Each structure stands twice: as C-alpha cells, then as structure tokens.
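Observations on the three-dimensional arrangement
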Amino acid sequence: MTAYTPSPQLTAALDDFTKAQEAADAARNKLRAAVAEDLKTYDVTTDAIASHLPWSGETVRGIAREYDVPRRRKPTVKSIKPKKRTAGGGSSG
C-alpha cells in the first residue's frame, strides 16, 4: 500500500465542506428553535407552520415535543385496554 498525503486542493475543499456542514447544522438548529417559539407564541397548527417549511407536519410535531411545546388540544385517542378492577377499590353501596 502506498502512503498518501492529500493535496492542498483536497485539504482546502474538505475544510470548506466541514465549515459548510457546521453552518448548515447551526442554521437547522436555529430554525427548529424558531419553529418551537412560533408554536408557543401564535395560535397556529403544526401543519400550518409545516406548509412554509421543507419539513412535514410530523417533523414539526416532533420539534414541538422536543421543545416541550404545550399541546393545543387534549388528545382524543384513548386506550382500548379496559381498566383493571382491584379488590377493595371502588365504591361500596
């Protein structure tokens, strides 16, 4: 196997690429925080915000969960498991 040292052009290109990736990550984090702030501040749905973004409504819902954004309404889905009855728990009649 031969020893290889990257050329100055490759080293510079890799450095530029790394900086661009770091800038993209920072911009993505800033955008996610702004999305969460708008969800907290305005009476708007996740789908309404998603229509202005390159992300789906489900991605925006994930951001809302990540940033602990309060839900706009209570969940309507309930467990289908019946509640267990316990001995002595319940009203006596």
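Scroll up for the structure.
The shown structure was predicted, so the numbers you read here are calculated from the model rather than taken from an experiment.

1. Focus on the side chain of Thr46
Relative to the assigned elements, Thr46 resides in helix H2 (residues 46-50). Exposure remark for Thr46: the relative accessible area of 16% places this residue in the buried category. If near-sequence neighbours (up to four positions away) are discounted, Thr46 is found in contact with Leu39, Gly57, Val60 and Arg61.

2. What about unusual backbone geometry?
Of note, Asp68 is a non-glycine position whose phi angle comes to about 55°, a positive value. With respect to the element layout, Asp68 can be found in the segment after helix H3 (57-66).

3. So, the nonpolar core
Buried together is how nonpolar side chains tend to be arranged in soluble globular proteins. One finds Val35, Ala36, Leu39, Val44, Ile49, Ala50, Val60, Ile63, Ala64 and Val69 forming the largest nonpolar core, which totals 10 residues. Put simply, the parts of the chain that give this core at least two residues each are helix H1 (8-41), H2 and H3. Not counting the four nearest positions on each side in its chain, Ala50 is found in contact with Trp55, Ser56, Gly57 and Val60.

4. Remarks on H1
The end-to-end C-alpha distance of H1, which contains 34 residues, comes to 49 Å, matching closely the 50 Å that a straight helix rising 1.5 Å per residue would cover. Taken together, the buried positions of H1 are occupied by Arg32, Val35, Ala36 and Leu39. Tucked inside the fold, the buried residues of H1 contact H2 and H3.

5. Some remarks on the environment of Ile49
Relative to the elements of secondary structure, Ile49 occurs in helix H2. On the basis of relative accessibility, which here comes to 12%, the residue Ile49 falls in the buried class. Between the C-alpha atom of Ile49 and that of Asp38, which follows or precedes it by 11 residues, the distance is 8.5 Å. Setting aside residues no more than four positions away along its own chain, Ile49 makes contact with Val35, Asp38, Leu39, Val44 and Val60.

Procedures and definitions
Residues numbered from 1 in each chain as written. Predicted model: local features only at pLDDT ≥ 70, side-chain atom pairs only at ≥ 80, totals over all residues. Heavy atoms only, no water. Helix = DSSP H or I, 4+ residues; strand = E, 2+ residues; numbered from the N terminus. Buried < 20%, exposed > 50% of the residue type's maximum accessible area, 1.4 Å probe, protein only. Contact = heavy atoms within 4.5 Å. Core = buried A, V, L, I, M, F, W, Y, C linked by side-chain atoms within 4.5 Å. Expected span 1.5 Å × (residues − 1).

Geometry only, nothing functional implied.
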